[in-house]
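Architecture and fold: a report
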Amino acid sequence: MRIFRSLLIPVLALLAALLTGAIVMLIFGDNPLKAYQGLFAGAFGDGRAWATTIRKMTPLILTGLSVAYAFKAGLLNIGASGQFIFGTVCSVAVGISMEGMPMLIHLPLAIGAGIVGGMFWGAIPGLLKVYTGAHEVIVTIMLNYVASLFAGWTVYAGGTQGQTPGPLWDPTAGAISETPDVLASAQIPWMFGPPYRVHWGVVLALLVAVLFWWLIYKSIFGFELRTVGQNIKAARYAGIAVNRTIILAMTIAGGLAGLAGAIETLGLNHKFAPEFSGAVGFDGITVALLGQTHPLGVVLAAFMFGALDGGASRMQFESGVAADIIQVIQALVLAFVAAPMIIRSIFRARWLSEAEGQATLTTGWGGN
Amino acid sequence: MEGWKGASVNQLVWKRTQLISIVVIALLLLMAILVNTTALRQQTWLRVLFGISALNFMLRASVPLILGALSGILCERSGIINIGIEGMMLAGAFGAFFFKVQTNSWPLLASLMVGVLAALLVGGLMGFLHALFSIRYRMDQIISGTVIIVLATGITSYLFDRDAVAQGKFGEIRIPLLADIPVIGNVLFNNPPITYLALILVVVLHVAIFYTRWGLRTRAVGEHPSAADTVGINVNRFRYLNTTLGGMLAGLAGGFLVLEAVGQFQEGMTAGRGFIALAAMIFGNWNPFGALAAALLFGYTQALQNELLLAGVTTIPRQFVSMLPYVVTIVAVAGFVGRVRPPAAEGKVYETEAH
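The rules behind these values
- Residues numbered from 1 in each chain as written.
- Chains lettered and ligands numbered in written order.
- Predicted model: local features only at pLDDT ≥ 70, side-chain atom pairs only at ≥ 80, totals over all residues.
- Heavy atoms only, no water.
- Helix = DSSP H or I, 4+ residues; strand = E, 2+ residues; numbered from the N terminus.
- Rg over C-alpha atoms; globule rule 2.2 N^0.38 Å.
- Buried < 20%, exposed > 50% of the residue type's maximum accessible area, 1.4 Å probe, protein only.
- Contact = heavy atoms within 4.5 Å.
- Areas by Shrake-Rupley, 256 points an atom, 1.4 Å probe, with all protein chains shown as cover.
- Lys, Arg positive; Asp, Glu negative; His and termini not counted.
- Charge placed at Lys NZ, Arg CZ, Asp CG, Glu CD.
- Core = buried A, V, L, I, M, F, W, Y, C linked by side-chain atoms within 4.5 Å.
- Buried area = accessible area lost by both parts, 1.4 Å probe.
- Salt bridge = Lys/Arg side-chain N within 4 Å of Asp/Glu carboxyl O.
- Polar contact = N/O pair within 3.5 Å; in protein donor to acceptor, adjacent residues only side chain to side chain.
- Nonpolar A, V, L, I, M, F, W, Y, C, P; charged D, E, K, R; others polar.
- Expected span 1.5 Å × (residues − 1).
- Bend = angle between axes of the 7 residues up to and from the residue.
- Patch = residues over 30% accessible without salt bridge, like charges linked within 9 Å, V, L, I, M, F, W, Y side chains within 5 Å.
- Phe/Tyr/Trp six-rings, centres within 6.5 Å; stacked < 30°, edge-to-face > 60°.

**As for the overall build of chain B**
Summing up its helical and strand segments, chain B has 14 helices and two strands in all. Computed over the C-alpha atoms, the radius of gyration of chain B is 21 Å, within 12% of the 20 Å expected from 2.2 N^0.38 for a compact globule of 355 residues. By principal-axis analysis of the C-alpha atoms, chain B measures approximately 70 × 55 × 40 Å. Sorting the 355 residues of chain B into buried and exposed places 54% on the buried side. In chain B, 75% of the contacts between residues at least 6 apart in sequence involve partners at least 24 apart.

**Quick look at the overall build of chain A**
Summing up its helical and strand segments, chain A has 14 helices and two strands in all. Against the globule reference of 21 Å for 368 residues, chain A gives a C-alpha radius of gyration of 21 Å, in line with a compact fold. Counting only C-alpha atoms and orienting by the principal axes, one finds that chain A spans roughly 65 × 60 × 40 Å. Put simply, chain A has 368 residues, and 58% of those count as buried. Of the contacts formed within chain A by residues at least 6 apart in sequence, a portion of 71% connects residues at least 24 apart. Total accessible area on chain A stands at roughly 15,100 Å², and carbon and sulfur atoms take up 66% of it. Side chains of chain A give 19 positive and 16 negative charges; the mean places of these two sets differ by 14 Å.

**Points about the nonpolar core**
With 205 residues, the main nonpolar core has A:Leu62, A:Leu65, A:Ile325, B:Leu67, B:Met139, B:Phe265 and B:Phe298 as its most contacted residues. In terms of residues, this core owes the most to one element, helix 10 (residues 242-269) of chain A, which gives 13 residues. When residues no more than four places from it in sequence are discounted, the contact partners of A:Leu62 are A:Ala205, A:Val208, A:Leu256, A:Leu259, A:Ala260 and A:Ile263. Membership of the second largest hydrophobic core comes to six residues, among which are B:Val221, B:Ala228, B:Ile233 and B:Val235.

**Overview of the environment of A:Gly166**
All names here are of chain A. Along the chain, the position of Gly166 falls in the loop between helix 6 (136-154) and strand 1 (190-192). Distance in space between the C-alpha atoms of Gly166 and Tyr156 is 4.7 Å, their sequence separation being ten residues. In contact with Gly166, other than residues within four places in its own chain, are Trp153, Thr154 and Tyr156.

**Quick look at the interface of chain B and chain A**
Many analyses report the size of an interface as the accessible area lost when the parts associate. Across the contact, 54 residues belong to chain B and 53 residues belong to chain A. Carbon and sulfur atoms make up 77% of the surface buried where chain B meets chain A, a total of about 4,500 Å² over both sides. Between A:Asp324 and B:Arg162 there is a salt bridge, and its shortest N-O distance comes to 3.8 Å. Viewed at the interface, chain A and chain B are joined by three residue pairs in polar contact (both at pLDDT 80 or more). When residues of the side of chain B that touches chain A are traced back to their parent elements, those giving at least two are helix 5 (108-136), helix 6 (141-159), helix 12 (273-283) and helix 14 (318-336) of chain B. Here the side of chain B that touches chain A is built from residues that sort into 33 nonpolar, 13 polar and eight charged.

**Describing helix 11 (residues 235-262) of chain B**
Residue and element names in this part refer to chain B. With 28 residues, helix 11 should reach 40 Å at 1.5 Å per residue; the first-to-last C-alpha distance of 39 Å fits that figure. Residue Phe256 marks the point of greatest curvature in helix 11, where the axis turns by about 30 degrees. Looking one or two places after helix 11, you find Gly263, whose phi comes out positive at around 95 degrees.

**Considerations on the pattern of salt bridges**
Throughout the structure, instances matching the rule amount to seven salt bridges over all chains. Two residues, B:Arg174 and B:Asp180, come together in a salt bridge whose shortest N-O distance is 2.8 Å. Of the residues examined, B:Arg174 reaches a relative accessible area of 47% and is grouped as partly exposed. Beyond isolated ion pairs, a larger network of salt bridges with shared partners links A:Asp324, B:Arg162 and B:Glu267.

**Let's talk about the side chain of B:Thr329**
Assignment of secondary structure puts B:Thr329 in helix 14. For B:Thr329, the contacting residues outside a window of four places in its chain are A:Ile138, A:Met142, B:Ile276, B:Ala279 and B:Phe298.

**Thoughts on a nonpolar patch on the surface**
Where nonpolar side chains cluster on the molecular surface, the patch consists of B:Leu19, B:Val23, B:Leu27, B:Leu30, B:Leu34 and B:Leu40 and spans about 530 Å² of accessible area. Among the secondary structure elements, B:Leu40 is positioned in the loop between helix 1 (2-37) and helix 2 (44-50).

**Remarks on the side chain of A:Glu264**
Residues and elements named next belong to chain A. Mapping Glu264 onto the fold places it in helix 10. Among buried charged residues, Glu264 stands out as having no salt bridge; its nearest opposite-charge side chain is Lys56, 7.0 Å away. Ignoring anything within four residues of it in the chain, the contact list for Glu264 reads Arg55, Pro59, Phe84 and Asn269.

**Notes on helix 2 (residues 32-44) of chain A**
Helix length check: helix 2 of chain A (13 residues) gives 18 Å between terminal C-alpha atoms against 18 Å at 1.5 Å per residue, within 8%. Between a side-chain oxygen at the N-terminus of helix 2 of chain A and the backbone nitrogen of A:Leu33 the separation is 3.0 Å; the capping residue is A:Asn31.

**Topic: the environment of A:Ala312**
Residue and element names in this part refer to chain A. For Ala312, the position within the fold is in helix 12 (residues 295-319). Between the C-alpha atom of Ala312 and that of Gly38, which follows or precedes it by 274 residues, the distance is 8.0 Å. When sequence neighbours within four positions are dropped, the list of residues in contact with Ala312 reads Leu39, Ala323 and Ile326.

**Quick notes on unusual backbone geometry**
If you check the backbone angles, A:Gln292 has positive phi at about 50 degrees while not being a glycine. Structurally, A:Gln292 can be placed in the loop between helix 11 (279-290) and helix 12. One non-glycine residue, B:Trp286, adopts positive backbone phi at about 60 degrees. Residue position: B:Trp286 is located in the loop between helix 12 and helix 13 (288-311). Since its relative accessible area comes to 0%, B:Trp286 is described here as buried.

**Concerning the packing of aromatic side chains**
Counted according to the given criterion, the structure contains 21 aromatic pairs over all chains. A centroid spacing of 5.6 Å and a plane angle of 75 degrees characterise the contact between A:Tyr69 and A:Phe212, whose relative ring orientation is edge-to-face. Taken together, the positions of A:Tyr69 in helix 3 (residues 47-72) and A:Phe212 in helix 7 (residues 201-218) put the pair 143 residues apart, joining distant regions of the chain. You can call A:Tyr69 buried: its relative accessible area is 1%. What makes A:Phe212 buried here is its relative accessible area of 4%. Pairwise contacts between aromatic rings join A:Phe86, A:Phe120, A:Trp121, A:Phe150, A:Trp153 and B:Phe320 into one cluster.

Read these as geometric descriptors, not functional statements.
Written out as structure tokens, the structure is:
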């Protein structure tokens, strides 16, 4: 019954968002029925559509978990996209070097590099929050820009005024800014090869979700983390090392986003170029909230968003509706999940108790 | 009462910060006058750092940050956290562009004014939406801000017609006599209208917040809503009003980008300015003049980035030069946020007891 009720709000939120999206499309002269048909076909129509959905879902699970993890400690990690990019760069750096290494060592090393890179990038806002009081929201947003500029530099093709090219740039690519392909020994193998293109990363992501569940709900560390998130004063009074918990929470959140970057690169893109953005990191916020920061919820929410993203291009192709409408729908889902009262008034569902599912995290700028 | 002691220490630190920023601005002005009127002009590096074009660029880059920070101040002084400035700005920019394109055939000034009104209106609507989410639907204000950002990004990209072209933008208005003052006149008194407006709004908002009845009530609502309620102030009405006004200012910042700076709309053209404005607001301790100083500082780092690249005086890869504004923001926030004091009731839903 409890599971049913906690599933109810996200499902109703999705319905309400699709409805509102349809109204927006109608207002601006698009055909919502055709759009949603294309969306559905692109997400679940055939084997390839399913493969796309799963492929899009994989990094979202991890960035969603990253944001959810920070939420558990009462922190808002808007920096998942920066951590994702930093992790990507680190894993590519390992993946393109160390020729002749057996896969059994090389692949874990490359994935590990991604995790460590993300952890490093996540630790910065954690440390700054604890030692200077800088709010993690602003620091992580700024670090997102810094990370993407830094990543851009690593593959920089060099300038006309004697600027040296970036360290990861592929000289054979000429003026194009990109890295060489990751060596075969560092690529995540296909689960289903082309044309379906699903790699084992999705299994890894699901395993991490299970580990997340254990860590948060079954370990002492998770208990401390949740206590800090729910009542920082009580946590202090109970003798929990609040500062250490906050730093660790941001570090691990960063590691999760970094892992997402590593998996996406080593499994799918096989190289890094500046246009591979960390937008999935920002989507992680929505996924985490939609999944109500529970790992199972995050996986389901990532699946929902993966389907929306996966179907978007087919929708645009078949119905001519700009794929950007999907982002509008995603924003609406977030709004409806974060304010169940709106859902209540839309569906006239009085039986939905008022406080249910209401997310609260604001502690103001002063932090603790 | 630890809080009180903390507040007085904060005030001391804040006074010192104010002093430092005044000294820095005075030094900058002095250097600018020296470099632009004497033989020091021959030094490439000095020209990069203090030339007229650097100062002009600084002011231009600061305008959206000033307006964005004022937007944040309006909302947050009444107790509503606004991290959605970025989204309101983007929506305002799109509104300005959309209506500028629709009225391309009108006389330029009329068409531009329509653009400004549209920016204010769309920004105001986004602000109202933020207030509605936060007050009526009791949504967490940081989530509501995030929703505003994602929504604005999605809807502006969805509606953006990539073939549309806006014709013409605001030009400089030279203020007679004042513009003839060397260096300063050139930088301060030869600007397009929204730039003047932004500078005037700093003064207006300062007076309004600290010397009017509205300002006193706004601050009361943001600091101690139940006390404000007791003396008969309608807390939530103030929050609706201020957040909507704040949205209008953020929209105007977007209007500046389209109608005065770039002349066109680009997807995601705000490029983090809303967030930097947020940092300027915090850095400026929720005071209009503090925010102005912070916005000028951030604007200067952006100008520096631009001038360094143009002058070609450095072989540092451009990506590192471009990091400057963001890194400075982090350093500023890390160095100061622990010492500034946000409005006490921020982020909290207010409900009357009689409810």
